[in-house]
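# Structure at a glance
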Amino acid sequence: MTPTSPETPTSPASTTRTRSTRRLTTAQALVAFLARQYTERDGRRHRLISATWGIFGHGNVAGIGQALVEAGNGHGNGDANAYGNSDGNRNGTGGRTAPRMPYLQGRNEQAMVHAAVGYARQSGRLSAHAVTTSIGPGATNLATGAALATINHLPVLLLPGDTFATRPADPVLQQLEVPYAGDVSVNDCLRPVSRYFDRVTRPEALIPTALQAMRVLADPAETGAVTLALPQDVQAEAYDWPEEFFAERVWPVRRPAPDAAELEAAVRAVRSARRPLIVAGGGVRHSGAEETLAAFTAATRIPVASTQAGKGSLRHDHPADIGGIGHTGTATAGELARTADLVIGVGTRYTDFTTASGTLFENPAVRFLNLNITGFDAHKLAALPLVADARTGLEALTSALAGRGYRVDPAYETEYTGAKEAWEERVEASFATPDPTARPTQTQVLGLLDTLVTEEDILINAAGSLPGDLHKLWRARSRDQYHVEYGYSCMGYEIPAAIGVLLATDARTRPRPVWALVGDGTYLMNPTEIVTAVQENLPLKLVILQNHGYASIGGLSEAVGGERFGTAYRHRAPDGGFTGPPLPVDLAANAASLGLHVLRATTVDDLRKALAEARDAEGPTCVYVETETPDTVSGPPPAQAWWDVPVAETASRPAAVKAREEYDRQVAARRRHL
């Protein structure tokens, strides 16, 4: 990818200007450079790095920290817009006019990356945030967030401090000493979870690496976490930077078209299919291909199932939408997947939850056609590859099929629309709240939200039992309403991600209700960014479901013979196990102590009122409810497809022996699509 640069000289008259320099520290130069980077897609331009999150220590306080002050974050200096959605100019370093680099204050390094990822996803991967940390634990705390970003193909720029490049003292505070290598630091743990990594050991080395970093961040096939490790002495070192380094650069976000031969093979595959099924993944959303997908289904009547990342590709009430697919999917999608003769993957990675660990696509004659912007994913499951941008590829496929008379058999359409109606009856039963004075179940909480939200609302979740319930039951009303991070399924993602989403939606001028749904286990992992939401007065709507433990893993543990060991939040019993009374932990009081307005709900009726009040609230608000187990009331439908979690091959306890028998039965159905 080659950026365009309006200030690049094109004539001898500009020779003098190209030789001019600007004396800045490495950190100041990096911040000034980042403030002038843009992406462009479909004729619209966006700031590539629109703000920087930071927690400061001795590894970055005098470098990036001081540079951010220079970039318009001084006390009372400049516009206080922390959202990074404006390119307003001001007098920057050296008296020159430059865009600001807004600063966002975080409380936990991992959480800052999650917030940046939420921002990037909501921004369609066209705009991102940077995250700066000190050396040592500040830097290593980035690893989980970096893995999440890279797995989900979402851009974030990581700027951890590093030990001295000049090594005046060795070791320095927080330095990892590696006896076999003098050039290794803790930041090297970020290499495998980054799409691009470099350590900037000289000021001038920043120039090529900064350009490479922007290339990767803006590349729809390559994007993910990008790490530039910055030794603390190099950050503060001055250098005469060529003025052209700070030229405004626009990085085009490509929409590659499919190869003609691949397209023709894809057309033949579709035309020969009698029971085709589309699996819509996150690539549909990243490409903005929802309307194109709807046009394709209107022409062909092929049903569309969705992964966690792809849910919302079609509205829930679209005739072709049959809901989630795989282990947490709907019965409709599961049965169609088992009989499909052609599976058309659009922007999906085919994780084990999607394929039911290789057991879902049972038809002996099934073939795969994968439309994906990366060749790596397009070739999975021995598929016919259609390597292209999702929107461009669907447009080409729709055009190529036009006039060739392809449409699925009306009987097939009648089959899946009827099955969809039957599934909706199961959803209604799960959401039903016949007793307004009873304590609600988790699915009833979702049902009450379902009656409240509009297409403006955004729901964020990542881990626990909620992703399964949401994938099966939630009725997505817009392309960006369903925000479930299930590539890494990281506990603690939801609250900071909601902050990132609120920043991307510009909550101060165009508020949208953003809900972070968490269980008690997830809340206890990472509640710190509540303070950030309060500090910025962001209208976060946090829903805490108290079920006294790890509900999802508790159920899985029981299914695989683990007998729910270590999954309940309870006092120790006399026999040593955690089977005593529930712990007297008051998460509502904790949330209130961090600055949230908290609404406690005990019954279904209380919860209905609390959710409505929270939705209308202008500031950060929490709804706290203790949920009932679904043993005696209508709960979610069970898993509609298998998931491979190995069970002990030998055991003395009956639960594990029985679980192994079921495991052997299920695993026998696995196949490799070769």
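Keep in mind that what you see is a predicted model, and the values were worked out from it rather than measured.

Quick look at the overall build of the protein chain now. A count of helices and strands for the protein chain gives 25 helices and 25 strands. For the protein chain, the C-alpha atoms occupy an extent of roughly 75 × 70 × 55 Å along the three principal directions. Counting over 674 residues, the protein chain shows a buried share of 57%. For the protein chain, the computed accessible surface area is about 26600 Å², with 52% contributed by carbon and sulfur atoms.

Of all eleven residues in helix H19 (residues 494-504), ten are buried; the element is thus mostly enclosed. Within H19, burial applies to Glu494, Ile495, Pro496, Ala497, Ala498, Ile499, Gly500, Val501, Leu502 and Leu503. Two residues or fewer after H19 comes Asp506, characterised by a positive phi angle close to 55°.

What follows covers the pairing of strand E8 (residues 128-133). Along E8, six of the six residues are buried, which leaves the element largely enclosed by surrounding structure. Residues of E8 alternate between two faces, with Ala128, Ala130 and Thr132 on one and His129, Val131 and Thr133 on the opposite face, all of them buried. Inspection of the sheet shows strand E4 (residues 49-54) paired to E8 by five bridges, in the parallel sense. Bridge assignment links Trp53 to a residue of E8, and that residue is Val131. The pairing of E8 with strand E9 (residues 156-162) spans four bridges and is parallel. Residue pairing for E9: Val131 is matched across the bridge by Leu158.

Another aspect to go through is the sheet that holds strand E18 (residues 367-372). Backbone-to-backbone hydrogen bonds pair the strands of a sheet. The strands run either parallel or antiparallel. Ordered by their spatial adjacency, six strands build an open sheet running E16-E15-E14-E17-E18-E19, and the pairing between neighbours is parallel. Two strands close off the open sheet at either side, each with one partner strand: strand E16 (321-324) and strand E19 (384-387). For this sheet, the mean angle separating the axes of adjacent strands, direction not counted, is 20°. As paired elements, strand E17 (residues 342-346) and E18 share five bridges and run parallel to each other. Bridged to Val346 within E18 is Leu371. Those strands touched by helix H12 (residues 331-339) are strand E14 (276-280), strand E15 (304-306) and E16, and its axis lies near 100° from that of E16.

Now for the pairing of E9. When you tally the buried positions in E9, you get seven out of seven residues, the bulk of the element. In E9, alternate side chains face the same way, and those of Val156, Leu158, Pro160 and Asp162 on one face and Leu157, Leu159 and Gly161 on the other are all buried. When E9 meets strand E11 (residues 225-231), the two strands line up parallel, connected through five bridges. Residue Leu157 lies in a different strand from E11, and its bridge partner there is Val226.

Structurally, the position occupied by Arg249 is in strand E13 (residues 249-252). In this structure, the C-alpha to C-alpha distance between Arg249 and Phe33, residues 216 residues apart in sequence, is 9.2 Å. At 3.3 Å, the side chain of Arg249 and the backbone oxygen of Glu244 are in polar contact.

As a further point, take the nonpolar core. It is characteristic of soluble globular proteins that their nonpolar side chains tend to be buried jointly. Residues Trp53, Val131, Tyr523, Leu542 and Ile544 are the most contacted members of the largest nonpolar core, which totals 52 residues. For this core, the element with the most residues is H19, which contributes seven residues. With residues near it in sequence (within four places) discarded, Leu542 still touches Ile495, Ala516, Val518, Tyr523, Ile530, Leu596, Thr621, Cys622 and Val623. With 51 residues, the next largest nonpolar core counts Ile278, Ile344, Val346 and Tyr350 among its residues.

This part takes up the packing of aromatic side chains. Inspection of every chain in the model, using the stated rule, returns twelve aromatic pairs. Residues Tyr350 and Phe368 carry aromatic rings whose centres are separated by 6.1 Å and whose planes lie at 85° to one another, so their mutual orientation is edge-to-face. Here Phe368 lies in strand E18 and Tyr350 lies in the loop between E17 and helix H13 (352-355), a separation of 18 residues in the sequence. Overall, the relative accessible area of 9% leaves Tyr350 in the buried class. Relative to Tyr416, the ring of Tyr412 has its centre 5.7 Å away and its plane inclined at 80°; by these criteria the two rings are edge-to-face. Linking Tyr412 with Tyr416, this pair stays in helix H16 (residues 410-431), spanning four residues, or about one helical turn. Residue Tyr412 is classed as buried on the basis of its relative accessible area, which comes to 3%.

Time to look at the environment of Ser194. Looking at the secondary structure, you find Ser194 in the loop between E9 and strand E10 (196-199). Put simply, Ser194 and Asp605 are 411 residues apart on the chain and 47 Å apart in space, counted from C-alpha to C-alpha. Sequence-distant contacts of Ser194, that is, excluding residues within four places in its chain, are made with Thr150, Ala225 and Thr227. A polar side-chain atom of Ser194 sits 2.7 Å from the main-chain carbonyl oxygen of Leu190.

Calculation criteria
Residues numbered from 1 in each chain as written. Predicted model: local features only at pLDDT ≥ 70, side-chain atom pairs only at ≥ 80, totals over all residues. Heavy atoms only, no water. Helix = DSSP H or I, 4+ residues; strand = E, 2+ residues; numbered from the N terminus. Buried < 20%, exposed > 50% of the residue type's maximum accessible area, 1.4 Å probe, protein only. Areas by Shrake-Rupley, 256 points an atom, 1.4 Å probe, with all protein chains shown as cover. Pairing = 2+ DSSP bridges. Axes fitted to C-alpha atoms, helices over the stretch in contact; angles between N-to-C directions. Contact = heavy atoms within 4.5 Å. Polar contact = N/O pair within 3.5 Å; in protein donor to acceptor, adjacent residues only side chain to side chain. Core = buried A, V, L, I, M, F, W, Y, C linked by side-chain atoms within 4.5 Å. Phe/Tyr/Trp six-rings, centres within 6.5 Å; stacked < 30°, edge-to-face > 60°.

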